[in-house]
Amino acid sequence: MAKTYRRLYPQIVDFDNLYESWRKARRGKRYKPAAETKLDEELTALHRELVTETWQPGGYRSFTVHEPKRRKISAAPFRDRVVHHALVRVIEPIYERKFIYDSYANRKGKGTHAALDRCTHFMRRYRYVLQCDVQQFFPAIDHAVLKDTLARTLACPPTLRLCEKIIDSGIGVLADEYVMRWFPGDSLFAVERPRGLPIGNLTSQFWANVYLNSLDQYVKHTLRCEGYVRYVDDFLLFADDKHRLHDWRDAIIDLLGSLRLTLHENRAQPRPVTQGIPFLGFTVYPEHRRLKRSKGIAYRRHLKALYRRYQTGEITREQGRASVMAWLGHVQHGDTWGLRRALFGESSA
């Protein structure tokens, strides 16, 4: 029987935990003075609301981004983000002990570069890859399935009620991003099932890993796939036998159906690793990796805009340099010397 955890809520609402959560929530925010206004009063009020379970989430502010692909981002109010951090600080270590090694998104010590390195490792070891991604992942996350998953581990009623408030606050936020999918046994009322986690919440990023942990466990322990890498809803399975990958694909489609998720089935076809794998902004080969052409074009536009903003005084030299160095730190994980030389030659022309 799976281990459950009780008496978590006092840790979540502890004032010191709320203060540390406030510090995390404000990190990197542009308007720090506003976040610091009347800190003691705000934290005291938030603490009181959480202790008495009268805290209610506020509304989301949504906007659309188009890089790397079109997505609707929904930002919660600052005080709600403090609550999200307070919750995750307590329950994340519990789930970290459950997660597999090869899940790389939104985890300490992991990330995109570690996932790329692991992908390269498996490409050198196996002949074929099955690349999969979930259709409309964040809009499709089913609230009832997520709540049931959390309840199997968190045996603390007030903690579950807090989770449910945050989950329910996302009802309808991504409704216009979801195209209805029907599953065996659905009635006409299935269309009314609450679903969707706002992209932008810390809790959404964390719960994405919780939601797909059953997939990870299934692939590793039931299918016994040793070569497996997952980053959010993009995942790779490696093997030396194409037929095995086809069988695994069918099994994964069934497993995801139990989570009310669907694959992009046309894309999920086994192929030789020597053809390269488009993964996390790069095309990865067994012996090298290249930045995807679309990423180079997008950054060329960004770099020119950054230079114009510097010339007009919108940003400082240090801010511009920090942005460039962050990009360089990412793309240097691929064979991008020629691209970097071309881009920065253009920007100074």
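Before going into details, it helps to say that this report is about the structure given with it. On a predicted model such as this, the values are computed, not experimentally measured, just so you know.

Take the sheet that holds strand E4 (residues 227–231) next. The strands making up a sheet are joined through hydrogen bonds of the backbone, oriented either antiparallel or parallel. Pairing within the open sheet is antiparallel, and its four strands lie in the order E4-E5-E3-E6. Edge positions in the sheet fall to E4 and strand E6 (271–272), since each has one partner strand and no second. Looking at chain direction, strand E3 (residues 128–133) and strand E5 (residues 234–239) are connected through six bridges and run antiparallel. By the bridge assignment, Leu-130 is partnered in E5 with Leu-237. Across the sheet, helix H6 (residues 112–123) lies against E4 and E5, angled at about 160° from E4, the strand it touches most. Packed onto the sheet, helix H10 (residues 202–222) meets E4 and E5 and runs at close to 170° relative to E4.

A word on the nonpolar core. Grouped together as the largest cluster of nonpolar side chains are 95 residues, with contacts concentrated most on Trp-207 and Phe-279. Top element by residues in this core is helix H5 (residues 78–96). It accounts for nine residues. When sequence neighbours within four positions are dropped, the list of residues in contact with Trp-207 reads Leu-87, Ile-91, Leu-146, Leu-150, Cys-163, Ile-166, Ile-167 and Leu-197.

Let us look at a nonpolar patch on the surface. On the surface, a cluster of nonpolar side chains totalling about 360 Å² of accessible area is made up of Trp-182, Leu-188 and Val-191. By secondary structure assignment, the location of Val-191 is in the loop between helix H9 (157–168) and H10. The class for Val-191 is partly exposed, based on a relative accessible area of 39%.

Cut-off values and rules
Residues numbered from 1 in each chain as written. Predicted model: local features only at pLDDT ≥ 70, side-chain atom pairs only at ≥ 80, totals over all residues. Heavy atoms only, no water. Pairing = 2+ DSSP bridges. Helix = DSSP H or I, 4+ residues; strand = E, 2+ residues; numbered from the N terminus. Contact = heavy atoms within 4.5 Å. Axes fitted to C-alpha atoms, helices over the stretch in contact; angles between N-to-C directions. Core = buried A, V, L, I, M, F, W, Y, C linked by side-chain atoms within 4.5 Å. Buried < 20%, exposed > 50% of the residue type's maximum accessible area, 1.4 Å probe, protein only. Patch = residues over 30% accessible without salt bridge, like charges linked within 9 Å, V, L, I, M, F, W, Y side chains within 5 Å. Areas by Shrake-Rupley, 256 points an atom, 1.4 Å probe, with all protein chains shown as cover. Salt bridge = Lys/Arg side-chain N within 4 Å of Asp/Glu carboxyl O.

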